[in-house]
Amino acid sequence: MCFLHSIVQERRKFGPIGWNVPYEFNASDLSACTQFLQNHLLEMDAKKAPAPTWETVRYMISSIQYGGRITDDFDQLLMDTYAEKYFHQGVLQPNYELYKDDRSGFSYRVPDSTDIDAFRAAVEVLPGQESPEIFGLHPNADLTFRTLQVQEGMATILDTMPKGAGTGGGLSREETVDHICEDLLSKIPPLFDKEEVRDRLKKLPGGPTQPLTVHLRQEIDRMNIIIKLATTTLQNLRLAIAGTIALSGNLIDAVDALFMARIPEAWLKKSWEAATLGNWFSGLLQRQDQLARWLTMGRPRAYWLTGFFNPQGFLTAMKQEVNRKHAADKWALDDVVMTSEVTHPPKEFETLKESPAEGVYIYGLFLDGCAWSGRENKLVDPEPKKLYCPLPVLYVTGVQAKVGFDWLSRMLI
């Protein structure tokens, strides 16, 4: 029980690949489970039962005690898996091996003793640094943990760093930010002209009422909001640094953020997450370029899915268009489900010669914790020290629900 409690608590340090939601498991969960086990053993002894009712034990621990905090379905599945591993008849065998580290050769066992000193001695010889495999994770997960540690440490250092004027002839903080603003303003794209956008949308195949075209217009509207917000902030910062206007409110936050290569909070509220200001601005240019090409040159052969503000809306629009193509077959939109398939052999979006007759090609997705084998056409373990692996172009379309479930059954088999 204590081993399970340690596992579920320590798994949080790996971030989203540990638990989808960082639950606050604590000593009260362990105490409640220990009390339940004690009561169950007393009841078992009173009934002279030959063995514990393992199904009841697993259900109470994984679904009731710890499961009472769990809100994500996949996290609940993980907790159920842990309960299956640690609570069964085999754990009652003397010196049962909970886990063996193949690298160090250390074996995690339950001490075969009722003396507390034996348990203390077993705790003292535990390794100071455990392998991610003890949690059921790939060794690369340790890199994720170390990365999160470094990011947290660097954020603390930057937040506590003095923000006074520069010394020794160097640029001051305000001068540095002014140069950054000047550089970004020279590169930021112009706003989409509303009248021009309206005219070009009418010239796209199917007219402005096609679902994907409606999605394009909505994305352009969102992009204009971001471009206008970023431009206004940068211009006002330069004016504030020059002393023309007062430096207050969001401008103070923007100065601190730009100086530390972070994204201003006002921008993040209306845009996307990014590691640094440079990555965010590159994303802005790439997103604007995709929308501009789509508007001026027609629909692309493949779409950068992660470059949309509302990727779910894009997929819904695609499903609506597939449904309209089958109007003669009397398809109902409620009966259409989305299916996706990795192109085989794997394709890169640059090499695509044409778009599919039905559905869309999408790219820009990455795998965390696994990789895609083009030769075997399936998921495989990632290479050592490679955290994120690109996924080849995906073909996504809509099918009737019955057909989709039959296709999924064949894939699982």
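Residues numbered from 1 in each chain as written. Predicted model: local features only at pLDDT ≥ 70, side-chain atom pairs only at ≥ 80, totals over all residues. Heavy atoms only, no water.

Novice: What is the right way to look at the overall build of the protein chain in this model?
Specialist: Summing up its helical and strand segments, the protein chain has 14 helices and ten strands in all. Taking 2.2 N^0.38 as the reference for a compact globule, 413 residues should give roughly 22 Å; the C-alpha atoms of the protein chain span a radius of gyration of 28 Å, well beyond that estimate. Across its three principal directions, the C-alpha atoms of the protein chain cover 85 × 75 × 40 Å. A burial count over the protein chain gives 36% of its 413 residues as buried. Sequence separation of at least 24 residues holds for 64% of the intrachain contacts in the protein chain that already meet a minimum separation of 6. Summed over its atoms, the accessible surface of the protein chain is roughly 24500 Å², and 54% of this surface lies on carbon and sulfur atoms. Computed over 44 positive and 53 negative side-chain charges, the separation of the two mean positions in the protein chain equals 6 Å. (Helix = DSSP H or I, 4+ residues; strand = E, 2+ residues; numbered from the N terminus. Rg over C-alpha atoms; globule rule 2.2 N^0.38 Å. Buried < 20%, exposed > 50% of the residue type's maximum accessible area, 1.4 Å probe, protein only. Contact = heavy atoms within 4.5 Å. Areas by Shrake-Rupley, 256 points an atom, 1.4 Å probe, with all protein chains shown as cover. Lys, Arg positive; Asp, Glu negative; His and termini not counted. Charge placed at Lys NZ, Arg CZ, Asp CG, Glu CD.)

Novice: Is there a simple way to explain the nonpolar core in this structure?
Specialist: Where a protein is soluble and globular, its nonpolar side chains tend to be buried together. Counting residues in hydrophobic clusters, the biggest one holds 52 residues, and the most contacted among them are F192, L216, L237, W280, L284, F314 and V360. Considering each element in turn, this core owes the most residues, ten residues, to helix α9 (residues 211–242). Formed by 31 residues, the second largest nonpolar core is a distinct cluster that contains W19, Y66, F135 and F145. (Core = buried A, V, L, I, M, F, W, Y, C linked by side-chain atoms within 4.5 Å.)

Novice: What exactly am I supposed to notice about helix α12 (residues 277–297) here?
Specialist: For an α-helix the count is 3.6 residues per turn, leaving residues at separations of three or four pointing the same way. For α12, which comprises 21 residues, the first-to-last C-alpha distance of 30 Å matches the rise-based estimate of 30 Å (1.5 Å per residue) to within 8%. All buried positions along α12 are accounted for by L277, W280, F281, G283, L284, R287, Q288, Q290, L291, A292, W294 and L295. Of the residues trailing α12, G298 is marked for its positive phi of about 90 degrees. (Expected span 1.5 Å × (residues − 1).)

Novice: Even after reading the chapter, I still don't get the side chain of H215, so can you show me in this structure?
Specialist: Structurally, the position occupied by H215 is in helix α9. For H215, a relative accessible area of 3% puts it in the buried group. Ignoring sequence-local partners within four residues, the contact set of H215 consists of W294, F308, N310, G313, F314 and A317.

Novice: Would you mind going over unusual backbone geometry with me for this structure?
Specialist: Phi is mostly negative for residues that are not glycine, and the peptide bonds are mostly trans. Here the amide bond leading from H344 into P345 is cis, since omega sits at 0 degrees, within 30 degrees of zero. Within the element layout of this structure, P345 appears in the loop between β4 (336–342) and β5 (360–363). In this structure, K48 takes a positive phi of about 55 degrees despite not being glycine. The residue K48 is located in the loop between α2 (27–46) and α3 (54–65) in this model. The exposed category is assigned to K48, whose relative accessible area is 73%. Unlike most non-glycine residues, K330 shows phi in positive territory, near 60 degrees. Following the sequence through the fold, K330 ends up in the loop between α13 (311–325) and β4.

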